[in-house]
2 protein chains.
Amino acid sequence: MKSKIYVVGMGPGKEEMMTGEAIRVLEESDVIVGYHVYLDLLGERFSGKEFLTTPMKQETKRCRMCFEEAQKGKTVSMICSGDAGIYGMASLMYEVGKAYPETPITVVPGITAASSGAAVLGAPLNHDFCVISLSDLLTPWEKIEKRLRAAAEGDFAIAIYNPSSHKRQNYLKRACDILLERIEPERACGYVENIGREETRAVTCTLKELRDAKVNMFTTVFVGNSGSEMINGKLVTKRGYQIERSIDLCGDDGR
Amino acid sequence: MKSKIYVVGMGPGKEEMMTGEAIRVLEESDVIVGYHVYLDLLGERFSGKEFLTTPMKQETKRCRMCFEEAQKGKTVSMICSGDAGIYGMASLMYEVGKAYPETPITVVPGITAASSGAAVLGAPLNHDFCVISLSDLLTPWEKIEKRLRAAAEGDFAIAIYNPSSHKRQNYLKRACDILLERIEPERACGYVENIGREETRAVTCTLKELRDAKVNMFTTVFVGNSGSEMINGKLVTKRGYQIERSIDLCGDDGR
């Protein structure tokens, strides 16, 4: 009996932003496991599949469920929003999988919010960047502060995930205060809410304004680097191309 | 006459790793502009389109070409490998577009090598991470060094683009030496060559071994954080889930 597990990133939410590979492995799967919000986003196309879920806070149980189904000989996909390997379920699946070494795990990447949110705002991550989550549920806040300071010190563009939640309403303000220790208040920034869904909302602002922005758990925040600027309403971080000198020697994707 | 420009990330190379949105805008386009290597990767599906290209080092000219075609009323797509907004052409397009404010630019995100390479290796970027290019064609080397030090200081997982080229054969070694100032030689690392193409090659190793790895311009390198480990041959950076205590409170994608 051959079984297989895929951990699939479905991107920001709408089917059009999934890759062909993600759609193919879901079609190949007997069982699709995921948080119910993500299962609900899957279209009619997958309505014949067996769906399994657990409540929030039971991600480990959800992973075990995948291996139990796989042991019955089924092909199982665990779905995650964004990219399965960026704050997604891939690493937990490998950890739980220590007890099931005979079941192969394949990660199928998806468009993470850093990519999809950046595309809405313009090109804020078009040079070296950091991705930092402000969620301190699984990471001590001191470590998050340290990373924010390091990101500012390195003059990285920054994508911030989980800037707020019900219990952490002032976390973005705290993060901005740390960044403001080293970054000028006028630094070009922006944020995007509900990326890839009906009510996408994009805002550009300064770092000082970002400090007081109303964000929620569906917002992704972007902080430019020292060379970022606003062009025709878009937040743009230059790759370093010099238009006049035309010394742009690399291929696309930095090659 | 209505014209439109898309800057499209095509992912690592094979069509299956493009999003449905990327395929749709290419199908809608009259003209597809890009470096010839990427044009060649597009399948039969797009063979009826008008293709335009310029040699390497002429990215600015290539962008202008898009606006000139758009001014004729055409819908134009500029294609990039990976994500158009991550070391891709998006920011240069906005810069060149200053002279054509009436032409709207839409960025269509794609799977960047950080995502696709991570998926091959396991889950090396499953917590806060940095993306750094070692190309000093458009960035002073001192700035790259500073960012490497900041990334190590912040205990980020790291994805390194452009670890080598014909002219920069020892750059990965230099980068590893900088990381080794703060990171232990046994740190779990890995690298992937030709992601998403026929000859994908993935290697896991320690930071000390990475220093002497043979890499080229088609390699993407990954350095784990202090909690990364090898599980069943995969490079895994934990999200911080505690399996025993089951305190995993966030949804997928860090929400």
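Residues numbered from 1 in each chain as written. Chains lettered and ligands numbered in written order. Predicted model: local features only at pLDDT ≥ 70, side-chain atom pairs only at ≥ 80, totals over all residues. Heavy atoms only, no water.

**Quick look at the overall build of chain A**
Here is the rule we go by: Helical segments are the DSSP runs of H or I of at least four residues, strand segments are the runs of E of at least two, and each set is numbered from the N terminus. As defined in this context, the radius of gyration uses C-alpha atoms, and a globule is described by 2.2 Å times the residue total to the power 0.38. For the exposure calls, accessible area comes from a 1.4 Å probe over protein chains only, and a residue counts as buried if that area is under 20% of its type's maximum, exposed if over 50%, partly exposed in between. Any two residues whose heavy atoms approach within 4.5 Å are treated as being in contact. Every accessible area reported is derived by Shrake-Rupley at a probe size of 1.4 Å, with residue values counting cover from the shown protein chains alone. Residues scored as charged are limited to Lys and Arg (positive) and Asp and Glu (negative), so that His and the chain ends carry no count. A single reference atom marks each charge: NZ on Lys, CZ on Arg, CG on Asp, CD on Glu.
Of the regular secondary structure elements, chain A holds 8 helices and 13 strands. In terms of C-alpha radius of gyration, chain A reaches 20 Å, essentially the compact-globule figure of 18 Å for 255 residues. Principal-axis analysis of the C-alpha atoms places the extent of chain A at approximately 60 × 45 × 35 Å. Residue burial in chain A is summarised as follows: out of 255 residues, 63% are buried. Considering only contacts within chain A whose residues lie at least 6 apart along the sequence, 67% involve residues at least 24 apart. Here chain A displays about 9,300 Å² of accessible surface, and carbon together with sulfur accounts for 48% of that area. Charge-centre separation for chain A: the mean point of 33 positive side chains lies 4 Å from the mean point of 35 negative side chains.

**Some details on the relation of the copies chain A and chain B**
Stated precisely, the cut-off is as follows: Superposition of the copies used a least-squares fit over C-alpha atoms from residues whose pLDDT is at least 70 in both.
The two copies are related by a screw motion: chain A maps onto chain B through a turn of 180° and a shift of 0.0 Å along the axis, at an RMSD of 0.0 Å. Within this description, the copies of the chain are treated as partners about a two-fold rotation axis. Comparing interface residues between copies, 99% of those in chain A also lie at the interface in chain B; the contact surface is shared.

**Focus on the nonpolar core**
Put simply, the rule reads: Residues belong to one nonpolar core when they are buried, are Ala, Val, Leu, Ile, Met, Phe, Trp, Tyr or Cys, and are joined through side-chain atoms within 4.5 Å.
Judged by nonpolar contacts, the single largest core of 57 residues is most densely connected at Leu134 and Leu210 of chain A together with Leu134 and Leu210 of chain B. Dropping the residues within four chain positions of it, Leu210 of chain A is found in contact with Leu172, Cys176, Cys189, Tyr191, Cys205, Val221 and Val223 of chain A. Judged by nonpolar contacts, the second largest core, of 34 residues, contains Val192 of chain A together with Tyr87, Ala118 and Ala159 of chain B.

**Examining the pairing of strand 4 (residues 75–80) of chain B**
All names here are of chain B. Note the cut-off: A pair of strands is considered paired only if DSSP assigns at least 2 bridges between the two.
Counted residue by residue, strand 4 has 6 buried out of 6 residues, so it is predominantly covered. Of the two faces of strand 4, both are covered, the one formed by Thr75, Ser77 and Ile79 as well as the one formed by Val76, Met78 and Cys80. Two strands pair when backbone bridges link them, and strand 1 (residues 4–9) and strand 4 are joined in this way by 6 bridges, in the parallel orientation. The residue bridging Tyr6 from the neighbouring strand is Ser77, located in strand 4.

**Considerations on the sheet that holds strand 13 (residues 234–236) of chain B**
Residues and elements named next belong to chain B. Reading across from one edge, 6-13-12 is the order of the 3 strands in this open sheet, with mixed pairing throughout. Because the sheet does not close on itself, it has two edges, and the strands there are strand 6 (122–123) and strand 12 (229–231). Here strand 6 pairs with strand 13 via 2 bridges, running parallel. What sits directly across from Gly122, in strand 13, is Leu235.

**A closer look at the interface of chain A and chain B**
How we decide: A 1.4 Å probe defines the accessible area here, and the buried area is the portion of it lost by two parts on being joined, summed over both. Here, a salt bridge means any side-chain nitrogen of Lys or Arg that lies within 4 Å of a carboxyl oxygen of Asp or Glu. Nitrogen and oxygen atoms within 3.5 Å of one another constitute a polar contact, given that in protein one can donate a hydrogen and the other can accept it, and given that sequence-neighbouring residues count only through two side-chain atoms. Polar here means any residue other than Ala, Val, Leu, Ile, Met, Phe, Trp, Tyr, Cys and Pro, which are nonpolar, and Asp, Glu, Lys and Arg, which are charged; Gly is therefore polar.
If you look at the interface, chain A gives 97 residues, while chain B gives 96 residues. For the pairing of chain A and chain B, the buried interface totals around 8,700 Å² over both sides, and the portion due to carbon and sulfur atoms is 54%. At the surface where chain A touches chain B, the tally comes to 10 salt bridges. Between Asp155 of chain A and Lys143 of chain B there is a salt bridge whose closest N-O contact spans 2.6 Å. The interface formed by chain A and chain B includes 38 residue pairs in polar contact (both at pLDDT 80 or more). Residues that form the side of chain A that touches chain B fall into these classes: 41 nonpolar, 32 polar and 24 charged. Examined bridge by bridge, strand 7 (residues 129–133) of chain A and strand 7 (residues 129–133) of chain B share 3 bridges and lie antiparallel to one another. The residue of strand 7 of chain B that forms the bridge with Cys130 of chain A is Cys130 of chain B.

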